[in-house]
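Report on the structure
Residues per chain, in single letters:
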Amino acid sequence: QVHLVESGGGLVQPGGSLRLSCAASGSIFSIYTMGWYRQAPGKQRELVATITSGGSTNDADSVKGRFTISRDNAKKMVYLRMNSLKSEDTAVYYCNAALRSVADTTIVDDWGQGTQVTVSS
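Attention in this report is confined to the structure presented alongside it. What you see is a predicted model, and the numbers here were worked out from it, not measured in a lab. (Residues numbered from 1 in each chain as written. Predicted model: local features only at pLDDT ≥ 70, side-chain atom pairs only at ≥ 80, totals over all residues. Heavy atoms only, no water.)

Quick look at the overall build of the protein now. If you tally the helices and strands in the protein, you get zero helices and eleven strands. Reading the secondary structure of the protein in the N-to-C direction produces β-β-β-β-β-β-β-β-β-β-β. Computed over its C-alpha atoms, the radius of gyration of the protein comes to 14 Å, within 12% of the 14 Å expected for a compact globule of 121 residues. Referenced to the eigenvectors of the C-alpha coordinate spread, the extents of the protein come out at roughly 45 × 25 × 25 Å. For the protein, with 121 residues in total, the buried portion stands at 42%. Long-range contacts, defined here as pairs at least 24 residues apart, represent 56% of the contacts in the protein between residues at least 6 apart. A total accessible area of about 6,300 Å² is found for the protein, and carbon and sulfur atoms account for 46% of it. Computed over 12 positive and 10 negative side-chain charges, the inter-centroid distance for the protein is 5 Å. (Helix = DSSP H or I, 4+ residues; strand = E, 2+ residues; numbered from the N terminus. Rg over C-alpha atoms; globule rule 2.2 N^0.38 Å. Buried < 20%, exposed > 50% of the residue type's maximum accessible area, 1.4 Å probe, protein only. Contact = heavy atoms within 4.5 Å. Areas by Shrake-Rupley, 256 points an atom, 1.4 Å probe, with all protein chains shown as cover. Lys, Arg positive; Asp, Glu negative; His and termini not counted. Charge placed at Lys NZ, Arg CZ, Asp CG, Glu CD.)

The next point concerns the packing of aromatic side chains. Two descriptors summarise a pair of aromatic rings, namely the distance from one centre to the other and the angle between the planes of the rings. Per the stated rule, a full pass over the model turns up one aromatic pair. With a centroid separation of 5.1 Å and 65 degrees between ring planes, the pair formed by Tyr37 and Trp111 is classed as edge-to-face. With Tyr37 in strand β4 (residues 28-39) and Trp111 in strand β10 (residues 107-111), this pair connects stretches of sequence that are 74 residues apart. With relative accessibility at 32%, the residue Trp111 sits in the partly exposed group. Geometry around Tyr79 places Arg19 over its ring, the cationic atom sitting 4.1 Å from the centre. Positioned above the aromatic ring of Phe29 is the side chain of Arg100, whose terminal nitrogen or guanidinium carbon lies 3.9 Å from the ring centre. (Phe/Tyr/Trp six-rings, centres within 6.5 Å; stacked < 30°, edge-to-face > 60°. Lys NZ or Arg CZ within 6 Å of the ring centre and 35° of its normal.)

If you look at the biggest cluster of nonpolar residues, it comprises 30 residues, and the most contacted ones within it are Trp36, Val48, Phe67, Val78, Leu80, Met82 and Tyr93. Elements supplying a minimum of two residues to this core: β1 (2-7), β3 (18-26), β4, β5 (46-51), β7 (67-72), β8 (77-82), β9 (91-101) and β11 (115-119). When neighbours within four sequence positions are excluded, Val78 is seen to be in contact with Leu20, Ser21, Cys22, Met34, Trp36, Ile51, Ile69, Ser70, Arg71 and Cys95. (Core = buried A, V, L, I, M, F, W, Y, C linked by side-chain atoms within 4.5 Å.)

We now examine the pairing of β7. Of the two faces of β7, the one lined by Phe67, Ile69 and Arg71 is fully buried and the one lined by Thr68, Ser70 and Asp72 carries no buried residue. Bridge count between β7 and β8: six bridges; the pairing is antiparallel. Residue pairing across strands places Ile69 opposite Leu80, the latter belonging to β8. Hairpin connection between β7 and β8: a loop of four residues separates the two successive antiparallel strands, and Lys76 in this loop has a positive phi of roughly 55 degrees. (Pairing = 2+ DSSP bridges.)

Function cannot be inferred from these measures alone, as they are strictly geometric.
Okay, structure coming up:
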C-alpha cells in the first residue's frame, strides 16, 4: 500500500510564504510525475504545479513567479515553496503522484489527504 502525506499548511498573512512537503511511502516501485493541486471552497480542484522525475516543471499561470515546485527522488518527496501569497491562494492543497507499486505493473494516480492553506490578515 502507498501513502502520500502532506505537511506544512497553515495560516499566513498576505505577502507571506509557506513551504508544503509531501512524502510518499509504502511499497513503491517507481514514481513518475508528482504535483500539487488545490481546491478552494465551492470550486473545482485545479492544477498548481507538476514536476517530472527528470525535473521538468509545469506551473499554473496564477502561480508563475510566486510558487516553486521541487522534488527529492531519493527521499520520495515533493515540495511547494509558496511566496507572495494572496487571499485567493486559500485552499486545501493536495499532493499527487503517478506511481507504480511493487505489487502491480499499472501506473496509478495517488492522492494525499490534503493540507489547508489560509491566507488572511
